[in-house]
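Observations on the model geometry
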Amino acid sequence: MSEDRYLTFALGKGRLANKTMDLFEKVGITCEEMKDKDSRKLIFVNEELKLKFFLAKGPDVPTYVEYGAADIGVVGKDTIMEENRRIYEVLDLKYGKCRMCVCGPESAEELLRHHEMIRVASKYPNIAKDYFYNKKHQTVDIIKLNGSVELGPIVKLADVIVDIVETGSTLKENGLKVLEEICPLSARMIVNQVSMQMEPERIKKLIQDLRSHL
Ligand code: PRP
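Before going into details, it helps to say that this report is about the structure given with it. (Residues numbered from 1 in each chain as written. Predicted model: local features only at pLDDT ≥ 70, side-chain atom pairs only at ≥ 80, totals over all residues. Heavy atoms only, no water.)

1. Some remarks on helix α5 (residues 125–135)
By the burial criterion, the buried members of α5 are P125, I127, A128, Y131 and F132. Looking one or two residues past α5, H137 carries a phi angle of roughly 55°, positive in sign. (Buried < 20%, exposed > 50% of the residue type's maximum accessible area, 1.4 Å probe, protein only. Helix = DSSP H or I, 4+ residues; strand = E, 2+ residues; numbered from the N terminus.)

In structure tokens:
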């Protein structure tokens with residue numbers, strides 16, 4: 001391990017990043033600069049520990065890690081599955097728990113049961129494709145949306161959606177329900193494949209320390 005090399009972390013912006021920094025603090029990984037919420041800085045440094053942090057849009061985190069712009073990333077399992085990047089997924093951080101589901105109105109249950117040709121709206125077209133084509137062997141038409149996916153069945157753009165369900169309240173308030181569960185999700189730590197070989201002790205120690213606090 002070279003002591004003077006910075007270890008760079010890419011964190012998915014928002015709630016996940018705050019939870020991640022709370023957890024990191026427990027194992028002595030801190031960044032005072034990041035606590036200033038008014039700061040417009042994009043990259044934060046802890047000179048003493050030789051650490052750098054930056055916040056990125058969730059779907060970009062695996063990209064930064066694959067290309068080595070960040071050694072380590074923290075992002076949801078949904079994003080890892082959707083982006084399908086060449087990275088190591090090393091740790092389930094157990095927060096940000098939710099489920100990837102097929103949802104829709106009750107009337108869509110029949111369409112799913114009979115493997116009808118249906119329209120599926122999702123922010124996660126790759127996950128939707130994998131689920132319907134490879135697991136269910138059902139031919140469907142997938143429509144990519146960028147948010148508020150629940151609108152899809154309501155305005156008759158799609159029969160069902162593939163989306164994240166956390167509390168279920170968005171579905172309930174819009175007359176939709178979970179029809180099939182695809183997989184459970186949570187925040188994960190990912191590592192660049194070369195960084196893992198270059199800094200094995202430093203990264204493995206971090207994983208062990210974090211694991212003992214989960
Ligand atoms: C996510 C997801 C659902 C909602 C689920 O959306 O896409 O819409 O949260 O949460 P719930 O089960 O607790 O109601 P997000 O808030 O990320 O916004 P988006 O719809 O713009 O993607």
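Having seen the structure, we can now continue with the description.
2. Details of the site of the ligand
Around the ligand, the surrounding shell consists of K123, G147, S148, E150, D163, I164, V165, E166, T167, G168, S169 and T170. Residue S148 places a main-chain N or O atom 2.9 Å away from an oxygen atom belonging to the ligand. Top contributing element to the shell around the ligand by residue count: strand β9 (residues 160–165), with three residues. Here the shell around the ligand is built from residues that sort into two nonpolar, six polar and four charged. (Near = heavy atom within 4 Å. Polar contact = N/O pair within 3.5 Å; in protein donor to acceptor, adjacent residues only side chain to side chain. Nonpolar A, V, L, I, M, F, W, Y, C, P; charged D, E, K, R; others polar.)

3. Here we look at the nonpolar core
Ranked by internal contacts, the top residues of the largest apolar core, which has 28 residues, are F9, F53 and M189. Going through the elements one at a time, β1 (7–12), α1 (15–26), β3 (51–56), β4 (72–76), β5 (88–92), β11 (187–191) and α9 (200–211) are the ones with two or more residues in this core. Ignoring any residue separated from it by four or fewer positions in sequence, one finds F9 in contact with F24, I29, L51, K52, F53, F54, A70, I72 and L206. Of all hydrophobic cores here, the second largest spans 19 residues; its members include M100, I118, V120 and V140. (Core = buried A, V, L, I, M, F, W, Y, C linked by side-chain atoms within 4.5 Å. Contact = heavy atoms within 4.5 Å.)

4. Thoughts on the sheet that holds β5
Pairing in this open sheet of six strands is mixed, and the strands run β2-β3-β1-β4-β11-β5 from one edge to the other. What marks the edges here is a single partner per strand, and that holds for β2 (43–46) and β5. With direction set aside, neighbouring strand axes in the sheet form an average angle of 25°. Relative to β3, β2 runs antiparallel, the two sharing four bridges. Paired with I43 across the two strands is F54, which belongs to β3. The sheet strands contacting α1 are β1, β3, β4 and β11, and the helix crosses β1 at an angle near 140°. Most of the contacts of α9 go to β5, to which it runs at about 25°, and overall it touches β1, β3, β4, β5 and β11. (Pairing = 2+ DSSP bridges. Axes fitted to C-alpha atoms, helices over the stretch in contact; angles between N-to-C directions.)

5. Let's talk about the sheet that holds strand β7 (residues 118–122)
The strand order across the open sheet built from five strands is β8-β7-β9-β6-β10, with neighbouring strands paired in mixed fashion. The sheet is open, and its two borders are formed by β8 (140–144) and β10 (177–185), each paired with just one other strand. Across the sheet, the mean angle from the axis of one strand to that of its neighbour is 25°, orientation sign disregarded. Where strand β6 (residues 98–104) and β9 come together, five bridges link them in antiparallel fashion. Bridging across to β9, V102 finds its partner in V162. Sheet strands in contact with α5 are β6, β7, β8, β9 and β10, and its direction is about 170° off that of β8.

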